[in-house]
Amino acid sequence: MTEDEVFEQAVEAALRPGGHGEPPGDPEALRAVLRDAKAWIAASARAHHDRYAELRVGTTRALARAAVKHPFLWRCLLLVVIPVTECLLAALLFKYGVNGNPALPVVRNTVIAAEIAVLVLGVSYLTVIGRTVAWFWGVLGLGCITLAVVSANLVALIVGPWFALFATVPLGILTVWGVGHLTEALNALLPPAMLAARSAAAEQALEEWRSAMLNDGVLPALRAELGGTRIVPGTELMFGDARNLHRGGSLISHQPVPAGRELAELVDTLDGGSFALAGPRGSGKTNLLRAFCRGAYRRQGQAADLSVLVAAPVDYVPREFVLHLYAQACHAVLAHLREAAPKVVPRHRRVRHDERRRLARSAQRGLRDIAYVQTLTGETSGKFGFRGAELAYKRGTSLTGRPPTYPEVVDDFRGFVGAVARTLDPVRVVIAIDEIDRIGAGEPARRFLNEIKAVFDVPGCYYLMSVSTEAQHDFELAGMGLRSVFDSSFDEVVRVDYLDFQLARGLISRSVDGLPEVFVALAFAFSGGLARQLTRSARAIVRQVRGTSLAAVAEKLVADELDRVCKTTSDALTALDDRDGVTKLLRVLADPDADLHVLRERVQASYTSEHTAIGDLADRAAARIAFLAVVRDYFADDLTEVVPAQVDALARARRYAGSNPATGLALLEEFSSASTARRGPGPRPR
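S.K.: Any details on the overall build of the protein chain? Residues and values, ideally.
M.R.: Counting its secondary structure elements, the protein chain contains 27 helices and seven strands. Taking all 686 residues of the protein chain together, 44% fall into the buried category. Total accessible area on the protein chain is roughly 35200 Å²; 57% of this is exposed by carbon and sulfur atoms.

S.K.: Describe in detail helix H16 (residues 443-452), supporting the description with residues and values.
M.R.: Turning to H16, its buried residues are Ala445, Phe448, Leu449 and Ile452. For H16, the buried positions fall inside an angular range of 95 degrees around the axis, keeping them on one side.

S.K.: Can you break down the side chain of Asp434 residue by residue, with the values?
M.R.: Within the element layout of this structure, Asp434 appears in strand E5 (residues 429-434). Within the buried core, Asp434 has no salt-bridge partner, and the shortest N-O distance to an opposite charge, that of Arg290, equals 6.1 Å. At 2.7 Å, the side chain of Asp434 and the side chain of Thr286 are in polar contact. Setting aside its immediate chain neighbours within four residues, Asp434 contacts Thr286, Leu289, Leu309, Val310, Ala311, Ala312 and Ser466.

S.K.: Any chance you could break down the packing of aromatic side chains for me, citing the residues and the numbers?
M.R.: One pair of aromatic rings is described through two measures. These are the centre distance and the angle between the planes. In total, this model carries ten aromatic pairs according to the counting rule given. Between Trp135 and Phe136, the aromatic rings sit 5.0 Å apart at their centres with planes inclined by 75 degrees, giving edge-to-face as the arrangement. By way of ring pairs, the aromatic residues Tyr326, Phe413 and Phe416 are connected into one cluster. Stacked on the ring of Tyr125, the Lys or Arg Arg75 has its end atom at 4.1 Å from the ring centre. Geometry around Tyr498 places Arg655 over its ring, the cationic atom sitting 4.0 Å from the centre.

S.K.: Just give me the short version of the packing of helix H19 (residues 501-511) against helix H20 (residues 517-527), but keep the residues and values in it.
M.R.: In the contact formed by H19 and H20, the axes pass within 10 Å of each other and the chain directions differ by 110 degrees. Between H19 and H20, the angle falls in the class roughly perpendicular. With respect to the hand of their crossing, H19 and H20 are arranged in right-handed fashion. Contacts between H19 and H20 pair Phe501, Ala504, Arg505 and Ile508 from the former with Glu517, Val520, Ala521, Ala523 and Phe524 from the latter. Looking at the contact of H19 with H20, its residues break down into seven nonpolar, no polar and two charged.

S.K.: For the sheet that holds strand E2 (residues 306-311), give the residues involved together with the corresponding values.
M.R.: Read from one edge of the open sheet, five strands run E2-E5-E6-E1-E7, paired in parallel fashion. The sheet terminates laterally at E2 and strand E7 (492-495), the two strands that pair on one side only. Between one strand axis and the next, the sheet turns through 20 degrees on average, direction left out of account. By the bridge criterion, five bridges tie E5 to strand E6 (residues 461-467) in an arrangement that is parallel. Bridge assignment links Ile433 to a residue of E6, and that residue is Met465. Packed onto the sheet, helix H12 (residues 285-294) meets strand E1 (273-278), E2, E5 and E6 and runs at close to 165 degrees relative to E5. Against the sheet, helix H15 (residues 406-424) contacts E2, E5 and E6, and its axis sits at roughly 135 degrees relative to E5.

S.K.: So what's going on with the nonpolar core? Which residues, and what values?
M.R.: One recurring pattern in soluble globular proteins is that nonpolar side chains are buried together. Membership of the largest hydrophobic core comes to 120 residues, with the highest contact counts inside it found for Leu464, Leu522, Val603, Phe635 and Leu650. No other element matches the 14 residues that helix H25 (residues 612-634) contributes to this core. Setting aside residues no more than four positions away along its own chain, Val603 makes contact with Leu585, Val588, Leu589, Ala618, Ala621, Ala622 and Ile625. Counting 47 residues, the second largest nonpolar core, distinct from the first, contains Val310, Tyr326, Val333 and Phe416.

S.K.: Hey, could you go over H20 for me, with residue numbers and the actual values?
M.R.: Of all eleven residues in H20, eleven are buried, a share of seventy percent or more. Those residues of H20 that are buried lie in contact with H19, helix H21 (531-542), helix H22 (550-573), H25 and helix H26 (644-659). One or two steps after H20, the chain reaches Gly528, where phi turns positive at roughly 70 degrees.

S.K.: Can you lay out a nonpolar patch on the surface for me, pointing to particular residues and giving the numbers?
M.R.: Residues Phe72, Leu73 and Tyr125 make up a contiguous nonpolar surface patch of about 350 Å² in total accessible area. We classify Phe72 as partly exposed; its relative accessible area is 47%.

Parameters and conventions
- Residues numbered from 1 in each chain as written.
- Predicted model: local features only at pLDDT ≥ 70, side-chain atom pairs only at ≥ 80, totals over all residues.
- Heavy atoms only, no water.
- Helix = DSSP H or I, 4+ residues; strand = E, 2+ residues; numbered from the N terminus.
- Buried < 20%, exposed > 50% of the residue type's maximum accessible area, 1.4 Å probe, protein only.
- Areas by Shrake-Rupley, 256 points an atom, 1.4 Å probe, with all protein chains shown as cover.
- Arc of directions from axis to C-beta.
- Lys, Arg positive; Asp, Glu negative; His and termini not counted.
- Salt bridge = Lys/Arg side-chain N within 4 Å of Asp/Glu carboxyl O.
- Polar contact = N/O pair within 3.5 Å; in protein donor to acceptor, adjacent residues only side chain to side chain.
- Contact = heavy atoms within 4.5 Å.
- Phe/Tyr/Trp six-rings, centres within 6.5 Å; stacked < 30°, edge-to-face > 60°.
- Lys NZ or Arg CZ within 6 Å of the ring centre and 35° of its normal.
- Axes fitted to C-alpha atoms, helices over the stretch in contact; angles between N-to-C directions.
- Parallel < 35°, antiparallel > 145°, perpendicular 65-115°, else oblique.
- Left-handed = near helix turned anticlockwise from the far one by under 90°.
- Nonpolar A, V, L, I, M, F, W, Y, C, P; charged D, E, K, R; others polar.
- Pairing = 2+ DSSP bridges.
- Core = buried A, V, L, I, M, F, W, Y, C linked by side-chain atoms within 4.5 Å.
- Patch = residues over 30% accessible without salt bridge, like charges linked within 9 Å, V, L, I, M, F, W, Y side chains within 5 Å.

So this is what it looks like as structure tokens:
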């Protein structure tokens with residue numbers, strides 16, 4: 001089963017009336033939209049595809065496919081016709097060909113063989129034991145053919161004239177070739193126990209792949225298309241299937257963003273290079289790397305990439321990390337070659353096939369060298385004697401391989417990935433290193449890049465890395481003459497920005513079916529435009545009771561966030577020294593007012609000294625409380641229409657409220673002034 005066939009089946013199942021609910025709109029137009037999104041849809045089910053490719057039992061030969069398509073006819077041929085014909089020919093041979101023995105009853109033996117064959121044919125439909133007996137019967141029949149032909153060749157070689165070989169040898173080769181094909185047909189029709197278990201696992205993996213293609217790819221893409229053009233009205237919490245919100249590891253939580261398309265364009269344009277994805281934590285850099293490696297941004301008709309995705313360690317040793325990267329690349333190459341290996345190689349492609357075999361041996365050798373230190377031992381000895389006297393000599397040599405140095409590891413790795421890129425062309429080699437920003441900002445990340453950038457700059461190989469926003473800042477300063485390791489390591493830095501409301505609506509539409517527009521806006525406002533936080537906010541919303549009003553849901557989210565603000569600020573205050581200032585602020589946070597505007601003013605008034613740490617904590621808490629007050633006032637039950645520009649402004653204020661209180665409050669003031677019916681955030685902090 002190919003990827004195109006599984007995709008078409010999933011599309012037909014999604015657009016079939018009554019199957020998953022008839023989608024509104026023109027089916028042909030929706031089918032065209034889904035075909036345009038095929039790369040993303042196929043990438044969503046990539047893990048299940050890889051599982052099926054690993055387990056599937058090859059039936060590429062025509063006879064095997066025909067046996068599966070017409071099982072009864074082929075069972076009759078393999079279990080009845082071939083064995084009975086062999087028995088008849090053997091009886092005729094022994095009666096008339098071997099000394100003319102008249103004692104061998106031809107008819108009786110043929111009838112007995114036919115009865116046994118019919119019995120075996122019957123039991124092959126009953127139980128596993130019956131199928132196993134039938135398989136052995138079929139193997140016995142095919143083996144007798146091979147044995148007879150080999151015996152005929154030996155007899156012709158020993159006692160017959162030499163020119164008889166011109167007839168028997170080609171016949172033998174043709175017979176062995178045909179028996180090989182018939183054996184594969186028998187294995188496909190009546191697989192033995194081990195092969196049957198593998199076949200059953202492959203069928204299960206195929207069903208899981210079909211389900212993933214439909215539920216993780218086609219249906220979310222269809223919902224995203226409809227969600228981008230259809231606005232669900234209402235201020236009561238109503239939605240359909242929301243199970244995808246709670247699933248991890250799939251690409252449903254990834255919204256195709258401009259940064260992904262920009263990265264795909266760079267990779268398509270350049271012949272190798274290193275590229276960085278920069279952006280705030282939670283903006284979706286990891287999901288973007290995962291989606292790119294799975295082929296979500298691949299053009300239609302483009303060959304699938306050979307991709308490796310690893311996470312950068314927090315506490316790392318450069319040599320060990322490159323060895324880990326080397327091992328993962330070897331495993332990826334072997335898996336790719338196993339999946340793409342043809343059963344029969346045409347003569348004009350034999351050279352390319354030999355190159356792939358050499359590449360597979362190189363990958364296996366690389367894994368062996370990484371895992372083991374080679375030891376070679378040689379020994380020579382001699383002994384002679386004369387009338388009881390004896391003299392012996394023995395000499396031994398032991399060679400123990402030393403672990404390769406870091407420059408040698410780097411050189412071996414570069415040579416290997418370069419050979420992979422040349423051999424598998426036009427398949428691209430993509431190596432993604434995630435979580436470099438987890439190492440830390442500043443010197444640790446710079447040192448890590450300085451030590452591993454030696455493996456970069458391999459033609460046909462693309463390195464993708466997620467870094468902090470500081471890396472992008474240093475990269476852009478290089479244009480002003482301020483060069484850094486980030487500028488020397490990367491060809492381009494692509495910024496993964498915050499989501500806007502339109503992109504957030506598409507992301508939630510993939511995960512939740514039929515969520516009203518106002519609740520999407522509420523989740524987006526709490527997320528601040530971060531994809532990870534958007535999913536968390538949407539989960540908190542769908543956990544509420546269906547039918548709950550918008551104001552009640554907003555009140556619940558505000559109360560939970562207020563509780564987190566008070567507790568996290570109180571925990572941070574306990575580590576500070578100013579007892580009087582800490583005590584006043586703790587008292588305010590321990591018993592918060594129901595009116596958030598009053599609470600915000602009390603928090604700011606609780607500390608008026610110049611102590612930087614306590615004042616900063618008070619200002620941050622006040623800005624976050626002011627944001628919650630604006631959200632509670634804005635998302636009331638009379639909100640019937642969402643203005644995207646207003647929601648984007650509210651999300652922007654949410655981002656600054658925790659990092660720059662003054663800017664956050666200024667944005668909240670602008671937002672409140674645009675909605676004159678809403679109450680403003682109050683005075684700005686010191």
